[in-house]
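Each chain, letter by letter, is given below.
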Amino acid sequence: MPELPEVEVVRRGLVNWVRGRTISAVDVLDPRSIRRHALGAGDFIGNLQGATVTDVVRRGKFLWMPLADTAAEPAHPETAPVPEVALMAHLGMSGQLLMQDAAVPDEKHLKVRLRLSPRDGMPAQLRFVDQRIFGGLFVSALVPTDDGGPGGLAESPLPLIAAEAAHIARDPLDPAFSFDLFYQRLRKRKTGLKRALLDQGLVSGIGNIYADEALWRACLHFARATDTLRRSEAERVLDSAREVMLDALAAGGTSFDSLYVNVNGASGYFDRSLNAYGRQGEPCKRCAAAGISSIIRRDQFMNRSSHTCPVCQPRPRNGRW
């Protein structure tokens, strides 16, 4: 499953290609990829055709493109109507958003094609490709954010969020993220630290890979009880999560799944820089640098795995597993 840095890589690439362009035609090649749009293909196409993409927004792993009614667009941008709906993209396990020229042959697993208004030097089509069909596209209403802040990370932030993403908290890369609110809610959870980090209602966008990496950087164990966490420790783990995500962004994201590519089809390479995740049985890099012998261990966790160093991430006495 793509994590936050992968989705942000897609957002940053996509906004350069589609912002301000009008969707001239829509081809739904596999209805399963719009199954989340309850009113069917006709309504899906009707909402998109003739609409202009005003931005590309992300909160956590949710990605959406606000749509403006081209026919209602005034001559002066400052009086432009506020978008009421957005095209949401759920990448699932293998979903890809690819910009392609019209002459490029259809991909084997092409599901939906958006034909865009022409712009010099830019591909004419946005294609949704999905081999495993766990992802999809659908139109969502835009609703006001509960805190009055921007809906998510965007080029021109509006205090609106796609309705289907309104239940999740802000992520560590969001300028409007409130550490005070996060810490207040964290202390009330009375659970293990990693479970809390994976709770999208507390903080969004931190998945299994980046939780392990953030905890390793912060020298904290995944089972540390959240109600015993000092403020400085909470700041350390959030700073670590932010740092590891920014490092991943600089590298284009992780690429454990060969099907993951960014909007231009390029894979990420951050997996080569991981310190904990997937390194069970290998020496801890931090301990090795200090002349200490320690081997990364793997523990079962919520039907997944957690990777820790037994020396610099000691098991807590009263941990919550």
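Attention in this report is confined to the structure presented alongside it. Remember, it's a predicted structure, so these values are computed and weren't measured experimentally.

1. A look at the overall build of the protein
Looking only at helices and strands, the protein has seven helices and twelve strands in total. The C-alpha atoms of the protein give a radius of gyration of 21 Å, which matches the 20 Å a tight globule of 321 residues would have. Along the first, second and third principal axes, the C-alpha atoms of the protein reach 65 × 40 × 35 Å. Out of the 321 residues in the protein, the part that is buried amounts to 53%. The long-range share in the protein, meaning contacts at least 24 apart out of those at least 6 apart in sequence, stands at 64%. Between the mean site of the 41 positive side-chain charges and the mean site of the 36 negative ones, the protein shows a separation of 9 Å.

2. Quick word on the pattern of salt bridges
Taken as a whole, this structure holds 26 salt bridges when the rule is applied. The partner of D212 in a salt bridge is K194, and the shortest N-O contact between them spans 2.7 Å. Residue D212 is found in helix α5 (residues 208-218), and its partner K194 is found in helix α4 (residues 193-197); the two are separated by 18 residues along the sequence. Relative accessible area serves as the criterion here: at 2%, D212 is assigned to the buried category. With a shortest N-O distance of 3.1 Å, R242 and D239 are connected by a salt bridge. Of this pair, R242 and D239 both sit in helix α6 (residues 231-251), three residues apart, roughly one helical turn.

3. Focus: the nonpolar core
Membership of the largest hydrophobic core comes to 35 residues, with the highest contact counts inside it found for F182, L186, L193, I206, L215 and V237. Elements with a minimum of two residues in this core: α1 (4-18), α3 (179-189), α4, α5 and α6. Contacts of L186, omitting those with residues within four sequence positions, involve L193, A196, L202, T226, L229 and A234. Counting 28 residues, the second largest nonpolar core, distinct from the first, contains V7, V53, L97 and V139.

4. Some remarks on the sheet that holds strand β8 (residues 125-130)
Read from one edge of the open sheet, four strands run β1-β7-β8-β6, paired in antiparallel fashion. Strand pairing shows two members of the sheet lacking a second neighbour, β1 (23-28) and β6 (95-100), which therefore form its edges. This sheet shows a mean twist of 15° between the axes of neighbouring strands, independent of strand direction. In terms of strand pairing, β1 meets strand β7 (residues 110-116) through five bridges, oriented antiparallel. Among the inter-strand pairings, V26 is bridged to a residue of β7, identified as L114. Running at roughly 30° to β6, α1 makes contact with β6, β7 and β8 of the sheet. Packed onto the sheet, helix α2 (residues 40-48) meets β1 and β7 and runs at close to 160° relative to β1.

5. Some details on the packing of α5 against α6
Put simply, α5 and α6 touch, their axes get as near as 8 Å, and they point 125° apart. If you check the angle between α5 and α6, you find them oblique. Here α5 and α6 pass one another in a crossing that is right-handed. Where α5 abuts α6, its residues Y210, E213, A214, L215, R217 and A218 lie against R236, V237, S240, A241, E243, V244, D247 and A248. Residue classes in the contact of α5 with α6 are distributed as eight nonpolar, one polar and five charged.

6. Examining the packing of aromatic side chains
Scanning all chains against the criterion turns up five aromatic pairs. Centroid distance F222 to F301: 5.5 Å. Interplanar angle 70°. Geometry classified as edge-to-face. You can see F222 sitting in the loop between α5 and α6 and its partner F301 sitting in strand β11 (residues 297-301), a full 79 residues away along the chain. For F222, a relative accessible area of 4% puts it in the buried group. Aromatic pair F222 and W321: ring centres 5.7 Å apart, planes at 80°, arrangement edge-to-face.

7. Comments concerning unusual backbone geometry
Unusually for a residue other than glycine, I133 sits at a positive phi of about 60°. Inspection of the secondary structure puts I133 in the loop between β8 and β9 (136-144). One non-glycine residue, K190, adopts positive backbone phi at about 50°. By the secondary structure assignment, K190 is in the loop between α3 and α4.

8. Re α5
With ten of its eleven residues buried, α5 lies for the most part within the structure. Among the structural elements, α1, α4, α6, α7 (285-289) and β12 (304-308) are those in contact with the buried residues of α5. At the exit of α5 stands C219, carrying a positive phi of roughly 60°.

9. Quick word on the side chain of N208
Of note, N208 is situated in helix α5. The exposure class assigned to N208 is buried, which follows from its relative accessible area of 9%. One polar contact links the side chain of N208 to the main-chain carbonyl oxygen of S305, over a distance of 3.2 Å. Once residues within four sequence positions are removed from consideration, N208 is found in contact with E3, K194, L198, Y277, R304 and S305.

10. A look at the state of the cysteines
With the rule as written, the count across this model stands at zero disulfides. C312 provides the cysteine sulfur closest to C309, a residue in no disulfide bond, and the two sulfurs are 3.4 Å apart. By relative accessible area, which is 0% here, C309 ends up buried.

Calculation notes
- Residues numbered from 1 in each chain as written.
- Predicted model: local features only at pLDDT ≥ 70, side-chain atom pairs only at ≥ 80, totals over all residues.
- Heavy atoms only, no water.
- Helix = DSSP H or I, 4+ residues; strand = E, 2+ residues; numbered from the N terminus.
- Rg over C-alpha atoms; globule rule 2.2 N^0.38 Å.
- Buried < 20%, exposed > 50% of the residue type's maximum accessible area, 1.4 Å probe, protein only.
- Contact = heavy atoms within 4.5 Å.
- Lys, Arg positive; Asp, Glu negative; His and termini not counted.
- Charge placed at Lys NZ, Arg CZ, Asp CG, Glu CD.
- Salt bridge = Lys/Arg side-chain N within 4 Å of Asp/Glu carboxyl O.
- Core = buried A, V, L, I, M, F, W, Y, C linked by side-chain atoms within 4.5 Å.
- Pairing = 2+ DSSP bridges.
- Axes fitted to C-alpha atoms, helices over the stretch in contact; angles between N-to-C directions.
- Parallel < 35°, antiparallel > 145°, perpendicular 65-115°, else oblique.
- Left-handed = near helix turned anticlockwise from the far one by under 90°.
- Nonpolar A, V, L, I, M, F, W, Y, C, P; charged D, E, K, R; others polar.
- Phe/Tyr/Trp six-rings, centres within 6.5 Å; stacked < 30°, edge-to-face > 60°.
- Polar contact = N/O pair within 3.5 Å; in protein donor to acceptor, adjacent residues only side chain to side chain.
- Disulfide = S-S within 2.5 Å.

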